[in-house]
Amino acid sequence: MSNVVILGAQWGDEGKGKMVDLFSERFDIVVRYQGGHNAGHTVFIGDRRYVLTLVPSGILRGKQVVIGNGLVIDPAELIRQIETLEAAGVDVVGKLAVSNRAHVIFPFHRSVEKVSEAREGRTAIGTTSRGIGPCYEDKIGRRGIRMAELVDEEVFPPLFRALAEDKATLARAFGIQDTFDYEAIFQEYLAYGRRLRPMVCDTARLLHRALAEGKQILFEGAQGSMLDIDHGTYPFVTSSNATAGGVATGAGFPPTKIDGVVGVSKAYVTRVGAGAFPSEAHGEAGDRIRDAGGEYGTVTGRPRRCGWFDVPLVRYTAMINGFDSLALTKLDVLDGLDEILVCVGYRLDGEEIEEMPATHAALARVEPIYERLPGWKTSTREVRCFEDLPPNARAYLRFLEERTGVEIGVVSVGAERNQTAVAAGSRLEQLLGSVP
């Protein structure tokens, strides 16, 4: 029996939603362990497109799903998503468990984030301004409100009033015109608590009970490893641990019970928002990848910055996470190219370096070292096994495996579930099985 983590190997938007949806049939429970509704997973089933920002992708397979304690939750967004899925015929209420230890986002968290991003002299991170960071700040500052308090109508009122007073004081200190009706927000959130109460529970206990019963659990990450608050390109990162270590803290799950980690990577690289991007393809090359890949943010609609596959980056995230295998998505986006560049090394201040620079300033000075590989100039969208890939496409995959040191266990050549090929005999096939 396997308990497996599937997470992003780059800066997010790698196609994790499809991979989780594809393999969740093999598991009993699917768990989200960090982040908030700033991270969207898009899943295509037939002619239907599902965008999931809080509810784990396994819900589309009828699995029990869990929102762990490592998340921050906007109750209005969670309820909206539940209603949208239920209206589409997806059973959510009977399948969803929400951690009583997850923290709650309030409207004033969004306001604080917008002001912080726009403040003079501050480096704008390029956040979604959905209140994620300020909510995590309150969590770490030990003044946050958790789901357990939200659904307890005796405990919630004094905690909310203390937090509201804190935010009003902060607004005055920064000269912000505070227009919030705190009483209206209080009443609104009381109603949210009543609505969500049946789903709120001790999810760590739920997972431990499932573990004792021999059930298989799949953990899905949000964002990507290079956005991890500790190991990513700080300060251009998210506010949670998007790497595999986040599972233990964000779900209350023993690290010794995790059997495998699968990293999801595009066949190229994208990034949303600000921050250094060594292998970014500027001009026509970047535009061509963006247009072919439909590279626009699931949550925000922002155009993604596009670039060539970055070997040092994936070697680094493989080291941090301990990848057993890589799932490579959007190989088909490269189908029309005469040649494909791969960043195989970094040069910093004239010298080749082995490690990932710790500072943003250093990473911004990095010069990528490229190798050029021939393209395959034919469609891969109908390919369903590795052996049927064009020879140059197979050579590209072998090149990436050799340079990153990680097997490529599955390749995606389109958005549909069946546009996928699993490498026979791979470690990924052992962990997750073949494509249904």
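Predicted model, so just to flag it, every value in this text is computed and none were measured. (Residues numbered from 1 in each chain as written. Predicted model: local features only at pLDDT ≥ 70, side-chain atom pairs only at ≥ 80, totals over all residues. Heavy atoms only, no water.)

> Help me understand the pattern of salt bridges in this model?
Opposite charge on two side chains permits them to pair, given that their charged atoms come into close proximity. Following the criterion strictly, the structure yields 28 salt bridges and no others. Here Asp166 and Arg143 are joined by a salt bridge, their closest N and O atoms 4.0 Å apart. Of this pair, Asp166 sits in helix H6 (residues 156-173) while Arg143 sits in the loop between helix H4 (132-140) and helix H5 (147-150), and the two are 23 residues apart along the sequence. Relative accessible area serves as the criterion here: at 33%, Asp166 is assigned to the partly exposed category. When the shortest N-O distance is used, the salt bridge between Arg194 and Glu153 registers 2.6 Å. On the criterion of sequence distance, the pair formed by Arg194 in helix H7 (residues 182-196) and Glu153 in the loop between H5 and H6 is long-range, its members being 41 residues apart. Its relative accessible area of 44% is what places Arg194 among the partly exposed residues. (Salt bridge = Lys/Arg side-chain N within 4 Å of Asp/Glu carboxyl O. Helix = DSSP H or I, 4+ residues; strand = E, 2+ residues; numbered from the N terminus. Buried < 20%, exposed > 50% of the residue type's maximum accessible area, 1.4 Å probe, protein only.)

> What is the right way to look at helix H2 (residues 75-87) in this model?
With 13 residues, H2 should cover 18 Å at 1.5 Å per step; its first-to-last C-alpha distance of 18 Å lies within 8% of that length. With a side-chain oxygen lying 3.0 Å from the backbone nitrogen of Ala76, the N-terminal cap of H2 falls on Asp74. The positive-phi residue at the C-terminal boundary of H2 is Gly89, with phi of around 90°. (Expected span 1.5 Å × (residues − 1). Polar contact = N/O pair within 3.5 Å; in protein donor to acceptor, adjacent residues only side chain to side chain.)

> So what exactly am I meant to see when it comes to the side chain of Thr404 here?
Residue position: Thr404 is located in helix H13 (residues 391-404). Assessed through its relative accessible area of 7%, Thr404 is described here as buried. Within polar-contact distance, the side chain of Thr404 engages the backbone oxygen of Leu400 at 2.7 Å. A polar side-chain atom of Thr404 sits 3.3 Å from the main-chain amide nitrogen of Val406.

> What is the right way to look at the environment of Gly260 in this model?
Its place among the elements puts Gly260 in strand S11 (residues 260-266). Distance in space between the C-alpha atoms of Gly260 and Gly283 is 39 Å, their sequence separation being 23 residues. The contact partners of Gly260, leaving out residues within four places of it in the chain, are Asn3, Val4, Val5, Asp324 and Leu431. (Contact = heavy atoms within 4.5 Å.)

> What is the right way to look at unusual backbone geometry in this model?
Trans is the prevailing form of peptide bonds, just as negative phi is the prevailing case for residues other than glycine. Cis peptide bonds are those with omega within 30 degrees of zero, and the linkage from Tyr234 to Pro235 qualifies with 5°. For Pro235, the location among the structural elements is in the loop between strand S10 (217-220) and helix H9 (246-251). Even without glycine at this site, Lys330 takes up a positive phi of about 60°. Within the secondary structure, Lys330 is located in the loop between strand S15 (325-329) and strand S16 (339-348).

> I keep staring at the packing of aromatic side chains and nothing clicks. Help me out?
Given two aromatic rings, one states the distance between the centres and the angle between the planes to describe the pair. If you walk through the whole model with that rule in mind, you get 15 aromatic pairs. Taking the centre distance of 6.4 Å and the plane angle of 10° together, the rings of Phe106 and Phe156 count as stacked. With Phe106 in the loop between strand S8 (103-104) and helix H3 (107-118) and Phe156 in helix H6, the pair connects residues that are 50 residues apart, well separated along the chain. Each of the two residues, Phe106 as well as Phe156, counts as buried. Aromatic side chains Tyr189 and Tyr192 sit 5.1 Å apart centroid to centroid with 70° between the ring planes, which places their arrangement in the edge-to-face category. Placement of the pair is Tyr189 and Tyr192 together in helix H7, with a separation of 3 residues, close to one helical turn. (Phe/Tyr/Trp six-rings, centres within 6.5 Å; stacked < 30°, edge-to-face > 60°.)

> Is there a simple way to think about the sheet that holds strand S1 (residues 4-8) in this case?
Strand pairing within a sheet occurs via backbone hydrogen bonds; the two strands may be parallel or antiparallel. Pairing is mixed across the open sheet formed by 10 strands, whose spatial order is S9-S7-S5-S2-S10-S1-S11-S15-S19-S20. Strands at the two margins of the open sheet, each flanked by one partner only, are strand S9 (200-201) and strand S20 (420-422). Where strand S2 (residues 29-32) meets S10, 4 bridges bridge the pair, whose relative direction is parallel. Bridge assignment links Val30 to a residue of S10, and that residue is Leu218. (Pairing = 2+ DSSP bridges.)

> Help me understand the packing of H6 against H7 in this model?
Helix-helix packing is described using two parameters, namely the angle between the two axes and the distance between the axes. The contact between H6 and H7 brings their axes to 11 Å, and the two run at 140°. What the angle tells us is that H6 and H7 run oblique. The two elements H6 and H7 cross, and the hand of that crossing is right-handed. Only Tyr182, Glu183, Ile185, Phe186, Tyr189 and Leu190 of H7 make contact with H6, whose side of the interface consists of Phe156, Pro157, Phe160, Arg161, Ala164, Lys167 and Ala168. Split into classes, the residues belonging to the contact of H6 with H7 amount to 10 nonpolar, no polar and 3 charged. (Axes fitted to C-alpha atoms, helices over the stretch in contact; angles between N-to-C directions. Parallel < 35°, antiparallel > 145°, perpendicular 65-115°, else oblique. Left-handed = near helix turned anticlockwise from the far one by under 90°. Nonpolar A, V, L, I, M, F, W, Y, C, P; charged D, E, K, R; others polar.)

> Where do I start with the state of the cysteines in this structure?
Here a disulfide denotes a covalent bond joining the sulfur atom of one cysteine to the sulfur atom of another. With the rule as written, the count across this model stands at 0 disulfides. In this structure Cys343 is not part of a disulfide, and its nearest cysteine sulfur, from Cys306, lies 16 Å away. (Disulfide = S-S within 2.5 Å.)

> Honestly, the pairing of strand S5 (residues 64-67) in this entry has me stumped. Any pointers?
Each regular strand displays side chains that alternate between the two surfaces of the sheet. Note: S2 against S5, 4 bridges, orientation parallel. Following the sheet pairing, Val31 is matched in S5 by Val66. Two strands pair when backbone bridges link them, and S5 and strand S7 (residues 96-99) are joined in this way by 3 bridges, in the parallel orientation. Opposite Ile67, over in S7, you have Val98 as the bridge partner.

> Help me understand the nonpolar core in this model?
Inside soluble globular proteins, nonpolar side chains tend to come together where they are buried. Counting residues in hydrophobic clusters, the biggest one holds 72 residues, and the most contacted among them are Leu207, Phe219, Leu328, Leu331, Val342, Tyr396 and Leu397. Examining the composition of this core, we find that 7 residues originate from one element, S16, more than from any other. Those residues in contact with Phe219 that lie beyond four places of it in its chain are Val4, Val5, Ile6, Val31, Tyr33, Leu207, Val247, Ala251 and Phe253. In this structure, Val98, Val264, Ala327 and Leu432 belong to the second largest nonpolar core, which totals 58 residues. (Core = buried A, V, L, I, M, F, W, Y, C linked by side-chain atoms within 4.5 Å.)

Function-wise, these values are silent; they only describe arrangement.
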